[in-house]
Structures are given as C-alpha cells and as structure tokens.
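Residue-level listing of the chains:
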Amino acid sequence: MAAQNFHDHADGPAILYIARHEAQDAFKVGVASTAGQEQRLRAHQRQGWTTELRVEFETGHQALQAERAVLSFLRSCGATSTVPQADMPQGGYTETLADAHLMDLHLQDLLQMAQLASRLVRKAHCPLFSLLRHFGDAVGEIHRLIDQGRKDLAAPMLVEILTLLLKFVQKTEFDDMAPTVQELLHLAEAKQHALRAQPA
C-alpha cells in the first residue's frame, strides 16, 4: 500500500517490515496494512528487494511508531543517505538506508533494532502496562499530598486506588491476591474515617 494511503487504514492491523536490496547495498524499513502487505511487498520484490522481517501489530499507528523509532535512531546516528527516488518507482525511498556497508550497518543489527522497537511499542500499548502506569502516577500523587501534609486528601485517593485494584485482581488470574488487597483496603478506609473524625 502506498505510504499516502496507509494512514487512511492505520486503525486496522498492520505490519512493520525490513527489506534488503543487495545490489544497491540498502535496507528498507516500512509499514503496510495486514490486508495489503502482500501487494506492497511484491511491489518491492519486483524491484529487487527481499523481505527479511515482518512484525505484526494490532494497529497501523503502532507499526508507524516502531518504524519511526528505528529510523529516528539511525538518522540521528548519521545514517542519513537514502536510495534515489528514481530507483524506487514503487515509492518509499524516504524510509530507506543507503550505503549500508559504508555505515557498517549489518542486517542483523537492523533486525534487532526493529524487534526491540516493536517489543517496546507493543508493551507501551498493552492495557496492563497502561493500568500500571496510571497506578504509578496515582501513587506518586498520594506521596506528594502526604509530603504537603494533606493526608485528608491522600487517604480517599488511596481508598479509590485499592478499590480499583481489588476489582482488577478479582477478574484476573491474580485473584489469590484479593484477600491481601481487601485487607489493605479495610486499613485505608479505617484511616480515612479516623482522619475525618479529627477536629478541624
């Protein structure tokens, strides 16, 4: 799928791919929709490119994030040369890396970068990761309130966090943690009530 059309389908499943052109001593980092990947990769193949890696993503936005991560890193390290536009009638020359051997860039290096970027992007979009990140932010806010002497505000926030955590563990394979979280919740609620009972 042409790059200008890919963004129209970025909400759907997609792939990140790495291709190599031995004669041109070049690599290509690209994305394609899952539905259009065969057509896109065949267009490259007709021009002498060999697909070396495909990584599947739930959405094209994730695939684009991984592609940008790989290319941004390599460009910032000095790998700025690209294959001439005239040599890529199928499009996508701006995401190529020319003069690979001159830059001492090997296929295995690029594959490892793409796999690492893909793994990190997937992790960042994992619902559990997002949940834990929000929990971490909330705990940080509780610490800030306590440092400011506002335990009266920190206590109800802690109760809310523990309530959400209890619901989470009860619905997952971590339900054996529920009694511990329940006990912590009771302690937090007791502390909250005690703080409310204190004279202003």
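Up top is the structure.
Note that the coordinates shown come from a computational prediction; the quantities given were computed from them, not determined experimentally. (Residues numbered from 1 in each chain as written. Predicted model: local features only at pLDDT ≥ 70, side-chain atom pairs only at ≥ 80, totals over all residues. Heavy atoms only, no water.)

Student: I keep staring at the overall build of the chain and nothing clicks. Help me out?
Tutor: Secondary structure summary: the chain contains seven helices and four strands in total. Evaluated residue by residue, the chain yields a buried proportion of 36% over its 200 residues. The contacts in the chain between residues at least 6 apart in sequence include a share of 63% that link residues at least 24 apart. Accessible area for the chain stands at about 12,100 Å²; split by element, carbon and sulfur atoms hold 55% of it. (Helix = DSSP H or I, 4+ residues; strand = E, 2+ residues; numbered from the N terminus. Buried < 20%, exposed > 50% of the residue type's maximum accessible area, 1.4 Å probe, protein only. Contact = heavy atoms within 4.5 Å. Areas by Shrake-Rupley, 256 points an atom, 1.4 Å probe, with all protein chains shown as cover.)

Student: I would appreciate a short explanation of helix H3 (residues 60-76) in the present structure.
Tutor: For an α-helix, 3.6 residues make a turn, and residues three or four places apart therefore share a direction. If you check H3, its first and last C-alpha atoms are 24 Å apart, about what 17 residues at 1.5 Å a residue would give, namely 24 Å. Gly60, Gln62, Ala63, Leu64, Ala66, Glu67, Val70, Leu71 and Leu74 are the residues of H3 that are buried. Phi for Gly78, located one or two positions after H3, is positive at around 110°. (Expected span 1.5 Å × (residues − 1).)

Student: How do you make sense of the nonpolar core when you look at a structure like this?
Tutor: Generally speaking, nonpolar side chains in soluble globular proteins are found buried as a group. Leu16, Ile18, Val29, Leu97 and Leu110 are the most contacted members of the largest nonpolar core, which has 25 residues in total. Those elements that provide at least two residues to this core are strand E1 (14-21), strand E2 (26-33), strand E3 (50-57), H3 and helix H4 (107-124). In contact with Leu16, not counting residues within four places along its chain, are Val29, Gly30, Val31, Leu53, Arg54, Val55, Phe57, Ala63, Ala66, Glu67, Ala114 and Ser118. In this structure, Ala32, Leu41, Val83 and Met88 belong to the second largest nonpolar core, which totals ten residues. (Core = buried A, V, L, I, M, F, W, Y, C linked by side-chain atoms within 4.5 Å.)

Student: How do you make sense of the pairing of E2 when you look at a structure like this?
Tutor: Remember that side chains alternate between the two faces of the sheet whenever the strand is regular. Counting buried positions along E2 gives eight out of eight residues, so the element sits mostly inside the fold. Here E2 shows a buried face lined by Ala26, Lys28, Gly30 and Ala32 and a second buried face lined by Phe27, Val29, Val31 and Ser33. In this antiparallel pair of consecutive strands, E1 and E2, the connection spans four residues, and Asp25 shows a positive phi of 55°. As defined by bridge partners, E2 adjoins strand E4 (residues 96-97) across two bridges and the pair is classed as antiparallel. (Pairing = 2+ DSSP bridges.)

Student: Any chance you could explain the environment of Glu189 here in plain terms?
Tutor: Assignment of secondary structure puts Glu189 in helix H7 (residues 178-197). Exposure remark for Glu189: the relative accessible area of 29% places this residue in the partly exposed category. Residues Glu189 and Glu160, 29 residues apart in the sequence, show an inter-C-alpha distance of 9.6 Å.

Student: Can you walk me through the side chain of Lys28 in this structure?
Tutor: Tracing the backbone through its elements, the reader meets Lys28 in strand E2. A distance of 3.2 Å separates the side chain of Lys28 from the side chain of Glu95, its partner in a polar contact. Among all residues touching Lys28, those that are not within four sequence positions of it are Tyr17, Ile18, Ala19, His44, Trp49, Met88, Gly92, Glu95 and Thr96. (Polar contact = N/O pair within 3.5 Å; in protein donor to acceptor, adjacent residues only side chain to side chain.)

Student: Is there a simple way to think about helix H6 (residues 151-170) in this case?
Tutor: Across its 20 residues, H6 extends 28 Å between first and last C-alpha, which sits within 8% of the 28 Å expected from 1.5 Å per residue. Burial in H6 covers these residues: Ala154, Ala155, Val159, Ile161, Leu162, Leu166 and Val169.

Student: What is the right way to read the sheet that holds E3 from this model?
Tutor: In a beta sheet, neighbouring strands pair by backbone hydrogen bonds and run either parallel or antiparallel. Read from one edge of the open sheet, four strands run E3-E1-E2-E4, paired in antiparallel fashion. Each edge of the open sheet is held by one strand with a lone partner, namely E3 and E4. Where E1 and E3 come together, seven bridges link them in antiparallel fashion. Following the sheet pairing, Leu16 is matched in E3 by Val55. Against the sheet, helix H2 (residues 37-45) contacts E1, E2 and E3, and its axis sits at roughly 10° relative to E1. (Axes fitted to C-alpha atoms, helices over the stretch in contact; angles between N-to-C directions.)

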